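Read off the chains here:
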Amino acid sequence: SDLFIDKNTIWDLAAQAGFNNYLLDAQHNGKGHNFYTEKELENVENIRASDIESDAEIFALLEPIMEEDIAPKFIYLGLKGAHFPFVNYGFKEYFQPAMKSTNMLDATPEEVFNSYRNLVRANTNGFFEALQHFLTKYPDTLVIYTSDHGQDLSTPKNKKTHCDLRNPSIDEGTVPMLLITSQAD
């Protein structure tokens, strides 16, 4: 494809800048999604992360990486996020009514949306609380926080449970983009 003028990946650029590359993919360990290629990941240390239950748990896997040496590190975290079936793994549900089962066809649009909101709240709050502690310990860290996709739950019975590659809505492309550091300047 001529879409990309520069054929370097983010991993190539990080390595050229002297960084050691790491991938912690809490969904599928760098296989079968997000369009990773074997060639792309040849010079990336891929650390198993799919066993975590919540996004906050990823920091326990980061600690050994941060402690192993003083070399600069480029670490890509692919978090669990909030994916269907929006399973409650033990968090409080602030938004009601929520889905009573994981079958979207048995739920109202409000129940689906509330279940999604509950999962987003639990994972996001937990992640950012853990990130705050992490940045206190590693103050020279810059975090770029974004998402690989948004979610369209306007008509849940008529949409796929993830992303629609053929007829996506604008909501599927609406994602946050934050730069986070503990340093004020």
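Residues numbered from 1 in each chain as written. Predicted model: local features only at pLDDT ≥ 70, side-chain atom pairs only at ≥ 80, totals over all residues. Heavy atoms only, no water.

*Asks:* Would you mind going over the packing of aromatic side chains in detail, with residue names and values included?
*Replies:* Summed over the entire model, instances satisfying the criterion amount to 11 aromatic pairs. Relative to Tyr145, the ring of Phe127 has its centre 5.6 Å away and its plane inclined at 35°; by these criteria the two rings are tilted. Taken together, the residues Phe127 in helix α3 (residues 109-137) and Tyr145 in strand β4 (residues 143-146) connect sequence positions 18 residues apart. Residue Phe127 is classed as buried on the basis of its relative accessible area, which comes to 3%. One aromatic cluster is present, built from ring pairs that chain together Phe59, Phe127, Phe128, Phe134, Tyr138 and Tyr145. Taking the ring centre of Phe95 as reference, the NZ or CZ of Arg117 above it sits at 3.7 Å. (Phe/Tyr/Trp six-rings, centres within 6.5 Å; stacked < 30°, edge-to-face > 60°. Helix = DSSP H or I, 4+ residues; strand = E, 2+ residues; numbered from the N terminus. Buried < 20%, exposed > 50% of the residue type's maximum accessible area, 1.4 Å probe, protein only. Lys NZ or Arg CZ within 6 Å of the ring centre and 35° of its normal.)

*Asks:* Can you break down the side chain of Ser115 residue by residue, with the values?
*Replies:* Tracing the chain through its elements places Ser115 in helix α3. Only 2.8 Å separates the side chain of Ser115 from the backbone nitrogen of Met99, close enough to count as a polar contact. In contact with Ser115, not counting residues within four places along its chain, are Phe86, Ala98 and Met99. (Polar contact = N/O pair within 3.5 Å; in protein donor to acceptor, adjacent residues only side chain to side chain. Contact = heavy atoms within 4.5 Å.)

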